[in-house]
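One letter stands for each residue in the lines below.
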Amino acid sequence: MTVIVTGGAGFIGGNFVYHMLEKYPKYKIVCVDALTYAGNMETLDGAMKNPQFEFVKADIADRDAVYALFEKCKPDYVVNFAAESHVDRSITNPDIFLRTNVIGTGVLMDACRKYGIKRFHQVSTDEVYGDLPLDKPELFFTEETPLHTSSPYSASKAGADLLVNAYNRTYKLPVTISRCSNNYGPYHFPEKLIPLMIANALNDKPLPVYGKGENVRDWLYVKDHCEAIDLILHNGKDGEVYNIGGHNERTNLEVVKTILRELGKPESLITYVTDRPGHDMRYAIDPTKINRELGWLPATRFDDGIKLTIKWYLDNRKWWENILAGEYQNYYEKMYGSGN
Ligand code: NAD
Ligand code: TDX
């Protein structure tokens with residue numbers, strides 16, 4: 001079996017590469033990544049030593065490059081992680097989100113049609129469902145919840161999902177889609193809430209909480225997400241959508257306070273900053289379908305996963321300090337000001 005993993009130099013794609021190499025030692029894993037600011041070859045250091053792994057630097061929206069790759073490696077499966085993934089960046093620069101997330105997905109599926117494929121799996125997000133109110137804790141996103149997006153990021157992901165469904169219905173392309181809640185764990189880029197707060201706390205810098213910190217996210221340890229995608233890829237039904245989440249809802253303030261407590265840092269580091277425009281209030285996944293049909297259940301509780309994650313950031317300081325020392329510094333100053 002040959003599996004193309006797009007976006008494998010990023011957070012979840014990188015974890016998925018390691019998951020697949022370990023679990024399926026006979027599979028050939030080909031990572032395709034454009035190495036944007038979010039892609040990091042250091043994430044793939046371990047994989048590069050494995051003869052079953054190959055890295056190809058390419059943009060998924062570059063049709064010639066994608067067709068040449070399919071021609072050469074004739075994949076059985078394609079798992080599409082490659083995306084612009086940060087909501088705040090989509091608010092300041094939506095264009096690139098449309099190009100990569102929508103056009104890129106279309107180009108990959110055209111290549112699948114041209115060269116033939118067992119399955120194209122689209123890694124989507126719970127953000128395509130919009131948000132839920134804080135005062136109705138009994139409500140959850142199911143696969144039937146209408147798409148109702150808030151940010152250019154989520155709109156681009158919903159656009160891609162609709163295109164995937166259209167290729168299934170029109171061209172009978174064998175596809176599946178997964179919509180997962182917020183991930184956390186090793187190799188998470190430090191612009192996202194959890195790694196940003198860990199890095200700032202370790203450096204005794206202010207922890208910028210948007211608004212009042214009341215927004216709720218449903219956190220899933222990244223290894224559980226990888227396991228779920230693996231199950232869908234091998235056992236999922238063509239044309240189906242699967243929600244992935246583990247009922248680990250926390251307010252942002254709870255998450256930040258947990259990190260400070262674990263690191264023995266004072267809550268006085270918390271700084272309330274201007275809220276994100278269009279900020280979604282609450283995400284909460286109902287994972288009944290994937291549990292019932294594929295037997296998936298998350299293995300890691302948030303209280304354990306956050307300890308593992310903090311330990312990883314303590315043990316791998318070089319990985320994130322290199323990022324903080326590089327070009328990312330310019331983004332941070334524009335976003336939060338040089339005083340923070
Ligand atoms: P990430 O930003 O860490 O990684 C994205 C990767 O894609 C990077 O390596 C980047 O270089 C690559 N990439 C970007 N544009 C590309 C292009 N045009 N061609 C080829 N490669 C390109 O993202 P992540 O957090 O790992 O998210 C991966 C996927 O999972 C995304 O599709 C995202 O929408 C989805 N998702 C993420 C979360 C989460 O909590 N992080 C939750 C649900 C779904
Ligand atoms: O500095 C911050 N302060 C803050 O309060 C940052 C970066 C975030 N936040 C808040 C905004 C959100 O309510 O924390 C919450 C989480 O923010 P992000 O880490 O940016 O994640 P989110 O916007 O929820 O989106 C994530 O989950 C769904 C991923 O980035 C998406 O790719 C995925 O689809």
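In case you missed it, the structure is sitting above this.
From a predicted model like this one, the values you see are computed outputs, not experimental measurements.

Each value, and the rule that gives it
Residues numbered from 1 in each chain as written. Chains lettered and ligands numbered in written order. Predicted model: local features only at pLDDT ≥ 70, side-chain atom pairs only at ≥ 80, totals over all residues. Heavy atoms only, no water. Near = heavy atom within 4 Å. Polar contact = N/O pair within 3.5 Å; in protein donor to acceptor, adjacent residues only side chain to side chain. Areas by Shrake-Rupley, 256 points an atom, 1.4 Å probe, with all protein chains shown as cover. Helix = DSSP H or I, 4+ residues; strand = E, 2+ residues; numbered from the N terminus. Nonpolar A, V, L, I, M, F, W, Y, C, P; charged D, E, K, R; others polar. Buried < 20%, exposed > 50% of the residue type's maximum accessible area, 1.4 Å probe, protein only. 1 Å grid on protein atoms, 1.4 Å probe; cavity = no way out; pocket = protein on both sides within 12 Å on 5 of 7 lines; lining within 4 Å. Points joined across faces, edges and corners; volume = space filled by probe spheres on them. Core = buried A, V, L, I, M, F, W, Y, C linked by side-chain atoms within 4.5 Å. Phe/Tyr/Trp six-rings, centres within 6.5 Å; stacked < 30°, edge-to-face > 60°. Axes fitted to C-alpha atoms, helices over the stretch in contact; angles between N-to-C directions. Left-handed = near helix turned anticlockwise from the far one by under 90°. Contact = heavy atoms within 4.5 Å. Parallel < 35°, antiparallel > 145°, perpendicular 65-115°, else oblique.

Caption draft 1: Molecular detail of the site of ligand 1. Residues in contact with ligand 1 amount to 28 residues; listed here are only the nearest, Ile12, Asp33, Ser85, Tyr153 and Lys157. Between ligand 1 and the protein, one listed contact pairs an oxygen atom with a backbone N or O atom of Ile12 at 2.8 Å. Ser85 has a polar side-chain atom sitting 2.7 Å from an oxygen atom of ligand 1. Protein contacts shield 96% of the accessible area of ligand 1, which totals 830 Å² for the unbound molecule. At the level of secondary structure, the elements contributing two or more residues to the shell around ligand 1 comprise α1 (11-23), β5 (119-125) and α6 (152-171). Ranked by the residues each element gives to the shell around ligand 1, the list is headed by β5, at three residues. Of the residues belonging to the shell around ligand 1, the class tally is 14 nonpolar, 11 polar and three charged.

Caption draft 2: Quick look at unusual backbone geometry. Phi at Lys172 takes a positive value of approximately 60°, unusual for a residue other than glycine. Its location among the elements puts Lys172 in the loop between α6 and β6 (175-180). For Lys172, a relative accessible area of 65% puts it in the exposed group. Non-glycine residue Asp204 carries a positive phi angle of around 55°. With respect to the helices and strands, the residue Asp204 is situated in the loop between α7 (193-202) and β8 (207-210).

Caption draft 3: Region of the structure containing the layout of surface pockets. Here the second largest pocket defines a volume of roughly 450 Å³. Along its surface, the second largest pocket is lined by 21 residues, and Tyr37, Arg89, Glu327, Tyr328 and Tyr331 are the ones closest to its centre. Secondary-structure elements contributing two or more residues to the lining of the second largest pocket are α4 (87-92), α5 (95-115), α12 (317-325) and α13 (328-336). With five residues, α13 is the largest single contributor of residues to the lining of the second largest pocket.

Caption draft 4: Broad picture of the nonpolar core. Core analysis: the largest hydrophobic core is formed by 36 residues, its most contacted members being Ile194, Ile198, Ile259 and Tyr328. Sorting the residues of this core by element identifies α7, β8, α9 (252-263), α11 (302-315), α12 and α13 as the ones contributing at least two each. At seven residues, α7 tops the list of elements feeding residues into this core. Within the second largest apolar cluster, 35 residues are counted, among which are Phe11, Val79, Ile229 and Tyr242.

Caption draft 5: Quick look at the packing of aromatic side chains. This model, assessed by the stated rule, comprises 19 aromatic pairs. Each ring, one from Trp312 and one from Trp319, has its centre 5.4 Å from the other, and the planes form 70°; the classification is edge-to-face. As far as burial versus exposure is concerned, Trp312 and Trp319 are alike and both buried. Pairwise contacts between aromatic rings join Tyr18, Tyr187, Trp312, Tyr313 and Trp319 into one cluster.

Caption draft 6: Examining empty space enclosed by the protein more closely. Overall, the coordinates contain one cavity of 30 Å³ or more when judged by the stated rule. Considered as a void within the structure, the largest cavity measures approximately 50 Å³ in volume. Looking at the lining of the largest cavity residue by residue, the classes come out as four nonpolar, four polar and four charged.

Caption draft 7: Structural context of the packing of helix α3 (residues 63-73) against α5. Look at α3 against α5: their axes get within 10 Å of each other, and the N-to-C directions meet at 35°. In the packing of α3 onto α5, the handedness of the crossing is right-handed. For the pair α3 and α5, contact is made by Arg63, Val66, Tyr67, Phe70 and Glu71 and by Val107, Leu108, Asp110, Ala111, Cys112, Lys114 and Tyr115, respectively. For the contact of α3 with α5, a count of residues per class yields eight nonpolar, no polar and four charged.

Caption draft 8: Molecular detail of the packing of α7 against α11. At a minimum axis separation of 11 Å, α7 and α11 run at an interaxial angle of 55°. Looking at the two axes, α7 sits oblique to α11. Taken as a pair, α7 and α11 cross one another with a handedness that is right-handed. In contact with Ile194, Pro195, Ile198 and Leu202 of α7, α11 contributes Phe302, Ile306, Thr309, Ile310, Tyr313 and Leu314. Residue classes in the contact of α7 with α11 are distributed as nine nonpolar, one polar and no charged.

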